[in-house]
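Geometric and topological summary
So the chains spell out like this:
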Amino acid sequence: MMSVSTLRIAWRSLGRNFKRTLLVAGAIAVGQFAFLATSALMHGYGEQFFNAATGPMLGHAQVHAYDWREDRSIDLTLADIDGLLVDIRSDSNVAHASARIYAPAMAALTEDGFMGVVVGVDPETECHEAGLLPVDGMGELLGEHRVLVGAGFAKKHDIEPGMEIAIIGQDMDGSIASDLYTVEDVMWSAVEIIYALGIVMSLDDAQELLLMPDQAHEIVVHTSDRELIDETVVRLSHLPSLADLEVLSWKELAPFVITMATMVDLFAYIVLIVVFIAAAAGIANTMLMSTFERTHEFGMLLSLGCSPGRLSTMIAVEAAILGLVGVAIGTLSGIGFVAATSESGLNYAALGGSDSYEVAFKGMQFSLLIYPRIYAKDIVIAVAAILATSLMAVVWPIMRIVRLRPVEAMRS
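All of the points below concern the structure found in this document. None of these values were measured; they are calculated from a predicted model. (Residues numbered from 1 in each chain as written. Predicted model: local features only at pLDDT ≥ 70, side-chain atom pairs only at ≥ 80, totals over all residues. Heavy atoms only, no water.)

Examining the overall build of the protein chain
Here is the rule we go by: Going along the chain from the N terminus, every DSSP run of H or I of four or more residues is numbered as a helix, and every run of E of two or more is numbered as a strand. A contact between two residues is defined here by any heavy atoms of the two lying within 4.5 Å. We get accessible surface area from the Shrake-Rupley algorithm with a probe of 1.4 Å; when it comes to residues, only the shown protein chains can shield them.
Along the backbone of the protein chain there are 17 helices and 13 strands. Considering only contacts within the protein chain whose residues lie at least 6 apart along the sequence, 78% involve residues at least 24 apart. Of the accessible surface of the protein chain, which amounts to about 20,200 Å², a share of 61% is contributed by carbon and sulfur atoms.

A few points about the side chain of serine 202
Convention followed: Each residue gets one of three labels from its accessible area relative to the maximum for its type: buried under 20%, exposed over 50%, partly exposed in between, using a 1.4 Å probe on protein chains only.
Examined against the element boundaries, serine 202 turns out to sit in strand β7 (residues 198-202). Residue classification places serine 202 among the buried positions, given a relative accessible area of 6%.

A few points about helix α8 (residues 203-210)
Within α8, six of the eight residues are buried, leaving the element largely enclosed by the surrounding structure. All of the buried residues in α8 are Leu203, Asp205, Ala206, Gln207, Leu209 and Leu210. Of the surrounding secondary structure, the elements contacted by the buried residues of α8 are β2 (94-108), β3 (113-121), β4 (146-150), β5 (164-170), β6 (176-187) and β7. Two residues or fewer after α8 comes leucine 211, characterised by a positive phi angle close to 55°.

Comments concerning the environment of lysine 251
So the rule is basically this: N or O atoms within 3.5 Å of each other form a polar contact, as long as, within protein, one can give a hydrogen and the other can take it, and as long as residues adjacent in sequence are counted only when both atoms are side-chain atoms.
Within the fold, lysine 251 resides in helix α10 (residues 250-253). A C-alpha to C-alpha distance of 10.0 Å links lysine 251 and leucine 58, two positions 193 residues apart in sequence. Within the local environment of lysine 251, its side chain forms a polar contact with the side chain of aspartate 230, the two groups lying 3.1 Å apart.

Some details on the packing of aromatic side chains
Our working rule: Aromatic contacts are taken between Phe, Tyr and Trp rings whose centres are within 6.5 Å, Trp giving its six-membered ring; a plane angle under 30 degrees counts as stacked, one over 60 as edge-to-face, and the others as tilted. Whether a charge sits over a ring comes down to the Lys NZ or Arg CZ being within 6 Å of the ring centre and within 35 degrees of the ring normal.
Inspection of every chain in the model, using the stated rule, returns four aromatic pairs. With 5.9 Å between their ring centres and 80° between their planes, phenylalanine 33 and phenylalanine 337 make a pair best called edge-to-face. You can see phenylalanine 33 sitting in helix α2 (residues 18-57) and its partner phenylalanine 337 sitting in helix α13 (residues 308-341), a full 304 residues away along the chain. A ring pair is formed by tryptophan 68 and tyrosine 102, whose centres lie 5.9 Å apart and whose planes are at 35°; its orientation type is tilted. Separated by 34 residues along the polypeptide, tryptophan 68 in helix α3 (residues 68-71) and tyrosine 102 in strand β2 bring together distant segments of the chain. For tryptophan 68, a relative accessible area of 1% translates into the label buried. Taking relative accessible area as the criterion, tyrosine 102 reaches 14% and is therefore assigned buried. Above the plane of the ring of tyrosine 102 lies arginine 72, whose end atom (NZ or CZ) is 6.0 Å from the centre.

Description of helix α9 (residues 229-237)
Selection criterion: It is the directions from the helix axis to the C-beta atoms that the arc portrays.
Every buried residue of α9 is listed here: Ile229, Thr232, Val233 and Leu236. Along α9, the residues classed as buried sweep out an arc of 100° about the axis, all on the same side. Those residues of α9 that are buried are in contact with β1 (61-64), α4 (81-89), β2, β8 (218-223), β9 (246-249) and α10.

Observations concerning the side chain of threonine 125
Mapped onto the fold, threonine 125 is located in helix α5 (residues 123-126). On the accessibility criterion, threonine 125 (14% relative accessible area) is buried. Once residues lying within four places of it in the same chain are set aside, the contact partners of threonine 125 are Arg89, Ala97 and Ser98.

Section: the pairing of β3
The line we're drawing: Any two strands with at least two DSSP bridges between them are considered paired.
Within β3, seven of the nine residues are buried, which leaves the element mostly enclosed by the surrounding structure. Where β2 meets β3, nine bridges bridge the pair, whose relative direction is antiparallel. Note on β3: the bridge partner recorded for methionine 106 is methionine 115. Connecting β2 to the next strand, β3, in antiparallel fashion are four residues. Where β3 and β7 come together, five bridges link them in parallel fashion. Bridge pairing in β7 places valine 121 opposite serine 202.

Some words on a nonpolar patch on the surface
This is how the line gets drawn: A patch is a set of surface residues, each over 30% in relative accessible area and not in a salt bridge, joined within 9 Å for like charges and within 5 Å for the nonpolar side chains Val, Leu, Ile, Met, Phe, Trp and Tyr. Each salt bridge in this description consists of a side-chain nitrogen of Lys or Arg and a carboxyl oxygen of Asp or Glu lying within 4 Å of one another.
A contiguous nonpolar patch, built from Met106, Met115, Ile168 and Ile176 and spanning about 400 Å² of accessible area, is present on the exposed surface. Here methionine 115 is to be found in strand β3.

Re the pattern of salt bridges
Here the structure, examined in full by the defined rule, presents six salt bridges. When the shortest N-O distance is used, the salt bridge between glutamate 218 and arginine 100 registers 4.0 Å. Of this pair, glutamate 218 sits in strand β8 while arginine 100 sits in strand β2, placing them 118 residues apart in sequence. Neither glutamate 218 nor arginine 100 differs from the other in exposure class; each is buried. Residues joined in a network through salt bridges with shared partners are Arg100, Glu126 and Glu218.

Regarding the packing of α2 against helix α15 (residues 376-393)
Condition: Only the stretch in contact is used when a helix axis is fitted, and all axes are lines through C-alpha atoms; the angle between N-to-C directions ranges over 0 to 180 degrees. Just so you know how the angles are binned, under 35 degrees is roughly parallel, over 145 roughly antiparallel, 65 to 115 roughly perpendicular, and the rest oblique. In this scheme the crossing of two helices becomes right-handed for a clockwise turn of the near helix relative to the far one and left-handed for an anticlockwise turn of less than a right angle. Each residue gets one of three labels, nonpolar for Ala, Val, Leu, Ile, Met, Phe, Trp, Tyr, Cys and Pro, charged for Asp, Glu, Lys and Arg, and polar for the others, Gly among them.
Where α2 meets α15, the closest approach of the two axes is 11 Å, and the angle between their N-to-C directions is 150°. If you check the angle between α2 and α15, you find them roughly antiparallel. Here α2 runs over α15; the crossing is right-handed. On α15, the residues touching Ile28, Gln32, Phe35, Leu36, Ser39 and His43 of α2 are Asp378, Ile379, Ala382 and Ile386. Tallied by class, residues from the contact of α2 with α15 come to six nonpolar, three polar and one charged.

The quantities given are spatial measurements derived from coordinates; they are silent on function.
This is the structure we're talking about:
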């Protein structure tokens, strides 16, 4: 068991060459800060990516007719939407279930037309943080032939609130569907199809336009506990009313999100490995130099009856203290960085010299304004890793101490 005197001697020994100790501790601190800062940014990026994908775009699960995702045919619909929603919402882990309609259409402000996509939504069920209408009061802007248009779509075609827009498409019978609507407002959305092409109207208006009474193309499900998504999907798929329909989790709908999450974790651990190497090199060099400089001292201690084991313990404690001091400084710096940026965010686009912080990927429109997030496990992993690295780095110096002969050491 380590004695208090061993701890005291180890602490004092680090002060013998204060500049060298400070340099190594500083290098470890910088490495620890780099790891925590990188992990926090990656967590923030990953969380935003996940929320963008499983929020308004995909939800945690979806229900549609077989082949609809491939064909996007207007007649591949879900019938008896009201009944289906009642059955789905009866599951204890379902927080929200929303029916949607998607249909390509021509839109026009004057004589010139342009392509768009009609998106029919239920304002009452989409007005939540992960819904298509997350802003308070946005749902009240729909209905009675009032629509919202995507920000990118509006910018491209000079659409402004208050304008009247004509929509021409094809209804369920294959006939021409057309009507006039008032643009109530312009909306930003993380869903690319809405941002770039979307004409969002109430589900009732879309059903009336396309002759789809009590029908929709998709039901998007958000769960209360996302850890239980797979179990919830299994339960829903066994409901009699959904037996002939496709019920898929977000993992099946967007496997690329899992790949991105894996890449984010891998990148953070690569940084951690670099920190290990730097810490090991710095600590090994410091302890080895200290061992050479104190060879005479060690010889005297050995001749006075001090065991090689105690000297080895002292060197190991020095290395551990050096590593922990560095990692403590780095951890505090990392926590400070996250505390300073977690609310305001860090604009990746501005760092790259761009004014725009909106980016599209895999049908998602998301911001490059990242909000760093730090997890306790990151700190625990880093501290444990640095401590393990510190102990491994003193194996060579300890092996030299074990082989020392007191008389020869005193002569050096």
